[in-house]
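# Residue-level structure breakdown
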Amino acid sequence: MSSDKTSGGLPSPFRRKLLLGMAALPALTLLPRGAIAQALATDAVNTTKLAVTDSTVKVGILHSTTGTMAISETGSVQAEKLAIAQINEMGGVLGRKIEVIQEDGASDWPTFAEKARKLLVEDKVAAVFGCWTSASRKAVLPVFEQYNGMLYYPTFYEGLEQSKNVIYTGQEATQQILAGLDWVSKEKGAKSFFLIGSDYIWPRTSNKIARKHIEKNGQKVVGEEYFPLGHTQFNSVINKIKLTKPDVIYASVVGGSNVAFYKQLKAAGINLEKQTLMTISVTEDELLGIGGENIAGAYACMKYFQSLKNPNNEKFVAAFKKMWGGESVIGDVTQAGYLGPWLWKLTVEKAQSFDIDKIAVASEGIEFKEAPEGYVRVHANHHLWSKTRVGRARMDGQFDVVFETKDLIEPDPFPKGYQ
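Bear in mind that the values here come from a model prediction, so they are computed numbers and not experimental data. (Residues numbered from 1 in each chain as written. Predicted model: local features only at pLDDT ≥ 70, side-chain atom pairs only at ≥ 80, totals over all residues. Heavy atoms only, no water.)

### Focus: the layout of surface pockets
There is about 210 Å³ of room inside the largest pocket. Considering the residues around the largest pocket, the lining is formed by Gln86, Asn312, Lys315, Phe316, Tyr338, Trp342, Leu346, Phe368 and Glu370. When contributions to the lining of the largest pocket are tallied by element, the ones reaching two or more residues are helix 13 (311-324) and helix 14 (332-351). Looking at the lining of the largest pocket residue by residue, the class counts come to five nonpolar, two polar and two charged. Of the voids in this model, the second largest pocket is the one considered here, and its volume is about 180 Å³. Every residue lining the second largest pocket is listed: Thr48, Lys49, Leu50, Leu120, Val121, Lys124, Val125, Tyr147, Asn148, Gly149 and Ile356. Residues of the lining of the second largest pocket, tallied by class, amount to six nonpolar, three polar and two charged. (1 Å grid on protein atoms, 1.4 Å probe; cavity = no way out; pocket = protein on both sides within 12 Å on 5 of 7 lines; lining within 4 Å. Points joined across faces, edges and corners; volume = space filled by probe spheres on them. Helix = DSSP H or I, 4+ residues; strand = E, 2+ residues; numbered from the N terminus. Nonpolar A, V, L, I, M, F, W, Y, C, P; charged D, E, K, R; others polar.)

Here's what the structure looks like:
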């Protein structure tokens with residue numbers, strides 16, 4: 001896979017800090033087979049007083065299971081618990097079963113920060129799988145950096161961030177936005193766009209990048225509107241959309257607001273089989289609440305759809321439905337949530353340690369060949385190499401995949417010309 005070669009790396013201060021941890025990695029490859037058990041004693045694999053015993057290791061799950069974001073984040077909780085159950089069935093991590101401490105961020109950013117502090121300081125968890133919105137991630141990031149925790153963050157996001165203490169298992173903006181805009185411009189001959197999103201950092205920054213790309217291509221933005229999380233009255237902006245007649249409605253509305261937005265679009269007579277709409281935020285999880293009849297024909301750009309046909313995904317979907325019920329659905333962020341525990345397990349085993357500094361160093365180059373989306377690999381910048389896909393919403397709440405990039409796209413959280 002010559003196209004998948006990593007290039008570039010972390011800024012030098014970040015690199016130097018990580019290499020200090022790498023120097024302490026146990027050289028297990030030099031040990032005779034009989035010495036490995038002794039090398040994996042708890043005092044060897046846990047030198048920083050994390051919640052690790054001879055038989056267990058505690059991790060945290062931190063998502064919103066209440067509030068406007070619960071519609072989106074519940075699937076991530078389910079996927080993370082599935083991955084952890086599967087890992088435990090295989091014997092756990094370094095011979096230790098994973099125990100979960102779950103906290104509810106309650107769709108409230110200060111609450112996320114408070115719960116993150118509890119997990120790291122009081123519970124001393126070895127890793128946290130969590131957050132959805134960029135607002136919640138920004139709220140907890142100083143906590144993870146202060147107390148040196150490791151967060152596996154599953155959501156597609158705006159980029160412009162990189163931390164030793166975060167592994168970003170969703171896509172950054174260039175992987176999702178640029179490829180999607182190029183596709184819709186080519187396939188639909190799009191010349192004009194109306195941008196609409198929820199009012200916080202991810203939609204605003206994503207649309208800033210989208211606007212630059214649109215204008216760079218000689219196209220035009222005919223409108224740009226934002227609404228608070230949980231907003232349910234979209235009639236005024238829908239009237240503006242009808243007046244401006246954009247070739248593409250480009251939507252980054254998140255959470256429960258999507259239900260009202262798409263139902264009101266339909267009620268206003270906007271037929272998404274005829275009016276092109278591309279969303280970068282609606283997955284199968286949100287479709288379950290929106291209803292396929294209200295969004296059929298819309299396009300979504302992300303890296304994963306439940307309908308992907310490959311052996312990894314077929315096994316994953318079957319296992320997910322067995323655990324959470326036949327009516328459950330799996331969206332992009334849910335799948336990216338599933339990646340977190342597996343990538344952490346693989347990294348711990350590579351580092352032969354639960355220590356955060358050693359895991360931060362060992363993450364680069366970690367491959368997960370059984371990922372439901374297909375092969376993924378961790379870049380030096382702690383983001384994943386992945387493909388970008390476009391799906392078209394169906395009446396039954398699933399997507400038909402109509403496009404995917406030929407190769408994995410290298411993550412570039414600080415794209416030149418788009419900052």
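### Some details on the pattern of salt bridges
This structure, assessed with the given rule, holds 20 salt bridges. Counted as one network, the salt bridges with shared partners bring together Glu103, Lys115, Lys118 and Asp123. (Salt bridge = Lys/Arg side-chain N within 4 Å of Asp/Glu carboxyl O.)

### A short note on the environment of Gly326
One can find Gly326 in the loop between helix 13 and helix 14. According to the relative accessible area criterion, Gly326 is exposed, its value standing at 54%. Residues Gly326 and Gln176, 150 residues apart in the sequence, show an inter-C-alpha distance of 29 Å. (Buried < 20%, exposed > 50% of the residue type's maximum accessible area, 1.4 Å probe, protein only.)

### What about helix 5 (residues 109-122)?
Between its first and last C-alpha, helix 5 extends 20 Å over 14 residues, near the 20 Å set by a 1.5 Å rise per residue. Listing the buried residues of helix 5 in full gives Thr111, Phe112, Ala113, Ala116, Leu119 and Leu120. Close packing links the buried residues of helix 5 with strand 1 (56-63), helix 4 (70-89), strand 2 (97-104), strand 3 (128-130) and helix 6 (134-147). A positive phi of about 55 degrees marks Lys124, the residue just after helix 5. (Expected span 1.5 Å × (residues − 1). Contact = heavy atoms within 4.5 Å.)

### Considerations on the pairing of strand 6 (residues 192-198)
Counting buried residues in strand 6 gives seven out of seven residues, a clear majority hidden from the surface. Covered by surrounding structure in strand 6 are Ser192, Phe194, Ile196 and Ser198 together with Phe193, Leu195 and Gly197, the residues of both alternating faces. The sheet contact formed by strand 6 and strand 7 (residues 220-227) spans seven bridges and is parallel. Counted as the bridge partner of Gly197 is Tyr226 from strand 7. A crossover links strand 6 with its parallel partner strand 7, the connecting element being helix 8 (residues 201-216), and its sense is right-handed. Relative to strand 8 (residues 248-252), strand 6 runs parallel, the two sharing five bridges. What sits directly across from Ile196, in strand 8, is Ala251. (Pairing = 2+ DSSP bridges. Right-handed = clockwise from strand over helix to strand, strands pointing away.)

### Describing the pairing of strand 15 (residues 399-404)
The pairing of strand 14 (residues 389-393) with strand 15 spans five bridges and is antiparallel. Its bridge partner lying in strand 15, Ala393 is registered against Phe399. The antiparallel pairing of strand 14 with strand 15 creates a hairpin that spans five residues between the two strands, and Gly397 there sits at a positive phi of about 85 degrees.

### Some thoughts on the confidence of the model for the chain
In the predicted model, the chain carries a mean pLDDT of 91, and 91% of its residues have values of at least 70. The secondary-structure element of the chain with the lowest mean pLDDT is helix 2 (residues 36-39), recorded at 37, while strand 3 shows the highest, at 99. In the predicted structure, residues 1-39 sits below a pLDDT of 50 and forms 55 contacts with residues beyond four places in sequence or in another chain. (pLDDT = per-residue confidence, 0-100.)

### Brief notes about the sheet that holds strand 15
If you walk across this open sheet you meet the seven strands as 7-6-8-9-10-14-15, and the pairing is mixed. Two strands lie at the open edges of the sheet, namely strand 7 and strand 15, each paired on one side alone. Direction aside, neighbouring strands of the sheet carry axes that sit 25 degrees apart on average. Summarising the sheet, strand 10 (residues 299-302) and strand 14 pair through four bridges and their orientation is antiparallel. For Met302, the partnering residue across the bridge sits in strand 14 and is Arg389. (Axes fitted to C-alpha atoms, helices over the stretch in contact; angles between N-to-C directions.)

### Quick look at the environment of Trp324
Locating Trp324 in the fold gives a position in helix 13. Note: C-alpha distance between Trp324 and Val184 (140 residues apart in sequence) is 35 Å. The contact partners of Trp324, leaving out residues within four places of it in the chain, are Gln78, Lys81 and Leu82. Among the polar contacts made by the side chain of Trp324, one reaches the main-chain carbonyl oxygen of Gln78 at a distance of 3.1 Å. (Polar contact = N/O pair within 3.5 Å; in protein donor to acceptor, adjacent residues only side chain to side chain.)

### Topic: the packing of helix 4 against helix 13
Contact geometry for helix 4 and helix 13: axes closest at 10 Å, N-to-C directions at 105 degrees. When the axes of helix 4 and helix 13 are compared, the pair comes out roughly perpendicular. The segment helix 4 lies against helix 13, with Gly75, Gln78, Ala79, Lys81, Leu82, Ala85 and Gln86 engaging Phe316, Ala319, Phe320, Met323 and Trp324. (Parallel < 35°, antiparallel > 145°, perpendicular 65-115°, else oblique.)

### Looking at unusual backbone geometry
A positive phi angle, close to 55 degrees, is found at Ser107, a residue other than glycine. Even without being glycine, Gln352 reaches a positive phi, approximately 55 degrees. Gln352 gets classed as buried once you look at its relative accessible area, which sits at 13%.

### Considering the side chain of Ser328
With respect to the element layout, Ser328 can be found in the loop between helix 13 and helix 14. Reaching out from Ser328, the side chain makes a polar contact with the backbone oxygen of Gly325 at a distance of 2.6 Å.

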